[in-house]
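Listed below are the residues making up each chain.
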Amino acid sequence: MDINDGTKTFKDLVKEVHEPGLCGSCGGCVSFCSAGELMAIGFGVDGRPKLLDEESCLECGICYMICPQIDILDKDLIDTYQWKSPIGQFKRIVAARSTNPGILKNATDGGVVSSILHCLLDKKIIDGAVVSKKTAQFAREPMIATSYEEVLSAAGSRFTGICGVEELSRFSTYSPTMFAIKEVANMDLIKIVVVGTPCQVHTLRKMQSLHVVPSHVVKFVFGLFCTESYSFDVSKKGEMEKILGISFDDIEKMNIREDFIIKLKNGETKHIPLEKMEDFVRSACLACSDFANDFADLSFGGLGSPEGWTTVLIRTDLGEAIYLDAIHHGFIEEFDKSQGESHNYTQERLGKITEFAKMKRNRALKNKNVDGNGK
Ligand SMILES: Cc1cc2nc3c(=O)[nH]c(=O)nc-3n(C[C@H](O)[C@H](O)[C@H](O)COP(=O)(O)OP(=O)(O)OC[C@H]3O[C@@H](n4cnc5c(N)ncnc54)[C@H](O)[C@@H]3O)c2cc1C
Ligand code: SF4
Ligand code: SF4
Ligand code: SF4
């Protein structure tokens with residue numbers, strides 16, 4: 001690992017990430033601060049990290065290095081995961097779905113994430129999984145699931161009404177998973193899965209590269225595709241409802257594929273072009289270049305698969321082993337096997353994912369200087 005001249009600390013994060021509006025409030029820096037007990041840093045009322053006691057800062061540089069918006073460790077990640085353009089390393093790309101009707105009903109797409117977690121818990125391969133749970137209508141928080149029932153309760157993707165550690169009357173599709181990873185250190189869990197967006201997986205992989213506790217208990221990393229997340233103050237709720245053409249109370253589920261999709265409680269589905277959502281995209285997302293969660297063991301999205309199925313990018317040996325195990329034990333089924341050879345679904349899927357990955361990378365380049373490594 002190459003730390004450049006002089007260790008950069010939280011004050012540099014403020015200058016390079018907070019001030020340009022790139023902080024995505026993942027919570028990584030606060031959760032894993034080496035001076036956590038001394039409260040060197042914490043959260044401000046705006047949900048963003050803040051220096052609380054400069055004297056307590058140990059100037060270790062951990063907060064700076066693990067931030068997803070800082071590229072100091074990107075070269076290490078590129079080497080470790082043999083990253084290549086445009087969507088990282090992968091062995092196979094498939095569409096699959098759960099065989100469990102309960103999971104299928106609640107899931108965002110084909111419920112593959114929840115079903116593989118179910119399989120891993122059932123076979124006692126893991127002790128728990130860091131997921132994100134709906135706590136009320138439009139309220140969601142990170143949680144550690146240790147049973148099938150808890151995995152099921154966390155299936156799906158919805159708007160949340162939280163941001164950071166405090167209730168801030170904001171709606172957001174982002175869930176601060178890092179806080180739950182911190183909690184794992186206080187629990188008797190030795191093998192866990194983390195499910196996260198690309199920015200969260202970047203922070204986690206950087207923690208693993210620096211051996212920051214408790215990243216050693218994370219045995220598998222499940223990455224979600226991510227074009228963008230939305231965040232807005234409660235005062236903008238009416239504006240958002242106008243764009244969607246419905247009341248929030250009518251929403252059953254939401255998802256992003258080629259557009260923003262909302263399923264209504266009355267069974268209807270509405271598709272909103274992503275351009276219409278532009279005003280609600282978090283500024284950190286505009287500078288984010290990873291769509292397909294390039295450093296995960298398995299990446300999941302809906303893009304490229306028929307409705308009700310999940311696209312799965314099988315990236316690592318570990319990812320392949322647990323995917324095949326879930327098929328073998330009947331927790332999930334693969335789409336292609338039952339569809340014959342008449343259509344080249346793999347190329348079609350790959351084409352769409354590549355298109356979105358390039359679009360996101362170009363958008364990030366416009367909004368932030370990306371280093372010469374291609375990330
Ligand atoms: C913010 C966000 C943006 C996304 N953007 C795209 C996109 O542009 N294109 C695309 O194809 N797919 C996107 N996805 C992924 C897609 O919505 C599905 O999560 C994915 O296809 C897996 O579906 P599934 O039915 O197999 O998962 P499920 O079985 O429903 O499980 C989903 C898992 O994701 C966890 N989760 C849900 N919301 C969050 C969150 N906010 N943060 C962390 N974990 C969460 C749940 O706890 C659950 O464990 C996005 C997901 C999120 C959360
Ligand atoms: S102690 Fe280390 S991790 Fe904490 S604020 Fe200071 S530099 Fe960052
Ligand atoms: S993006 Fe995450 S790690 Fe970086 S400054 Fe914001 S909260 Fe901290
Ligand atoms: S677009 Fe990037 S920063 Fe925004 S939620 Fe997705 S992965 Fe995180």
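Residue positions are counted from 1 within each chain, in the order its sequence is given. Here the convention is simple: chains get letters from A, ligands get numbers from 1, in the order in which they are written. Per-residue local features of the predicted model are confined to residues with pLDDT of at least 70, and side-chain atom pairs are confined, for both listing and counting, to 80 or more; whole-chain, interface and lining totals are unaffected and use all residues. Side-chain numbers here rest on the full set of heavy atoms in the structure, without hydrogens or water.

A. Main features of the side chain of Lys206. Here Lys206 is to be found in helix H9 (residues 198-210). Two N or O atoms form a polar contact when they lie within 3.5 Å of each other; inside protein one atom must be a possible hydrogen donor and the other a possible acceptor, and for residues adjacent in sequence the pair counts only when both atoms belong to side chains. In this structure the side chain of Lys206 is engaged in a polar contact, spanning 3.0 Å, whose partner is the backbone oxygen of Cys67. Comment: elements are numbered from the N terminus, with helices defined as DSSP H or I runs of at least four residues and strands as E runs of at least two.

B. A look at the site of ligand 1. Any residue with a heavy atom lying within 4 Å of a molecule or strand is counted as near it. Around ligand 1 there are 34 residues in total, and Asp109, Gly111, Ser114, Thr227 and Asn255 lie nearest to it. In this structure, an oxygen atom belonging to ligand 1 sits 3.2 Å away from a main-chain N or O atom of Val113. In the model, an oxygen atom of ligand 1 is placed 2.9 Å from a nitrogen or oxygen of the Leu303 main chain. Here ligand 1 has 910 Å² of accessible area as a free molecule, and 98% of this is covered by the chains. Every accessible area reported is derived by Shrake-Rupley at a probe size of 1.4 Å, with residue values counting cover from the shown protein chains alone.

C. Fine view of the sheet that holds strand S12 (residues 269-272). Read across the open sheet, the three strands follow the order S10-S11-S12; overall the sheet is antiparallel. Edge strands, defined here as strands with exactly one partner in the open sheet, are strand S10 (251-256) and S12. The average undirected angle you get between the axes of adjacent strands in this sheet is 20°. Think of it this way: DSSP has to see at least two bridges between two strands before they count as a pair. Relative to strand S11 (residues 260-264), S10 is paired through five bridges, and the arrangement is antiparallel. When the sheet's bridge partners are listed, Ile251 is paired in S11 with Leu264. The contact definition used throughout considers only heavy atoms, calling two residues in contact when any of these lie within 4.5 Å. To obtain each axis, a line is fitted to C-alpha atoms, and for helices this fit is confined to the stretch in contact; angles are then taken between N-to-C directions over 0 to 180 degrees. Lying over the sheet, helix H10 (residues 237-244) contacts S10, S11 and S12, oriented at roughly 105° with respect to S12.

D. Quick peek at the site of ligand 2. Within the structure, ligand 2 sits among Thr9, Phe10, Cys33, Ser34, Ala35, Ile41, Cys57, Leu58, Glu59, Cys60, Gly61 and Cys63. Per-class residue counts for the shell around ligand 2 are eight nonpolar, three polar and one charged. Three residue categories are used. Nonpolar comprises Ala, Val, Leu, Ile, Met, Phe, Trp, Tyr, Cys and Pro, charged comprises Asp, Glu, Lys and Arg, and polar comprises the others, including Gly.

E. Focus on the pattern of salt bridges. Whenever a carboxyl oxygen of Asp or Glu lies within 4 Å of a side-chain nitrogen of Lys or Arg, that contact is scored as a salt bridge. Evaluation of the coordinates by the stated rule reveals 16 salt bridges. Here Lys8 makes a salt bridge to Glu16, at a shortest N to O gap of 2.9 Å. Residue burial is assigned from relative accessible area. The probe radius is 1.4 Å, only protein chains are included, and a residue is buried under 20% of its type maximum, exposed over 50%, and partly exposed in between. Owing to a relative accessible area of 23%, Lys8 belongs among the partly exposed residues under this scheme. Across the salt bridge formed by Arg363 and Glu228, the nearest N and O atoms sit 2.8 Å from each other. Of the two residues, Arg363 sits in helix H13 (residues 345-367) while Glu228 sits in the loop between strand S8 (218-224) and strand S9 (231-233), which places them 135 residues apart along the sequence. Because the salt bridges share partners, they merge into one network encompassing Lys91, Asp317 and Glu320.

F. Up close: the environment of Leu298. Counting through the fold element by element, Leu298 comes out in strand S13 (residues 298-301). Here Leu298 falls in the buried class, since its relative accessible area comes to 0%. Residues Leu298 and Phe90, 208 residues apart in the sequence, show an inter-C-alpha distance of 8.8 Å. Contact partners of Leu298, with chain neighbours within four places excluded, come to Ile116, Val221, Phe222, Gly223, Val312, Leu313, Ile314, Gly319, Ile322 and Tyr323.

G. Spotlight on the nonpolar core. The set of buried Ala, Val, Leu, Ile, Met, Phe, Trp, Tyr and Cys residues whose side-chain atoms join them within 4.5 Å is what this entry labels a nonpolar core. Counting residues in each nonpolar core, the largest one holds 49 residues, and the members touching the most others are Leu13, Val130, Ile181 and Ile192. Residues lining this core come from more than one domain, with at least three contributed by each of domain 1 (10-70) and domain 2 (79-367). Aside from chain neighbours lying at most four places away, what touches Ile181 is Phe32, Val130, Val194, Leu204, Met207 and Pro214. For the purposes of this description, domain bounds are those given by an automatic or database domain assignment.

H. Empty space enclosed by the protein, seen in detail. Using a grid of 1 Å spacing that covers the protein atoms alone, one calls a set of points a cavity when a 1.4 Å probe fits there but cannot get out, and a pocket when the set is open and has protein on both sides within 12 Å along at least five of seven lines; lining residues are those with an atom within 4 Å of a point. Grid points are joined across faces, edges and corners, and a volume is the space filled by probe spheres set on the points. Counted by the stated rule, this structure contains five cavities of 30 Å³ or more. Space inside the second largest cavity adds up to approximately 450 Å³. Looking at the second largest cavity, it is lined by 42 residues, and the ones nearest its centre are Pro68, Gln69, Cys199, Cys288 and Lys368. Broken down by secondary-structure element, the contributors of at least two residues to the lining of the second largest cavity are helix H1 (10-18), helix H2 (28-31), helix H3 (62-66), H9 and helix H11 (283-286). For the lining of the second largest cavity, a count of residues per class yields 21 nonpolar, 12 polar and nine charged.

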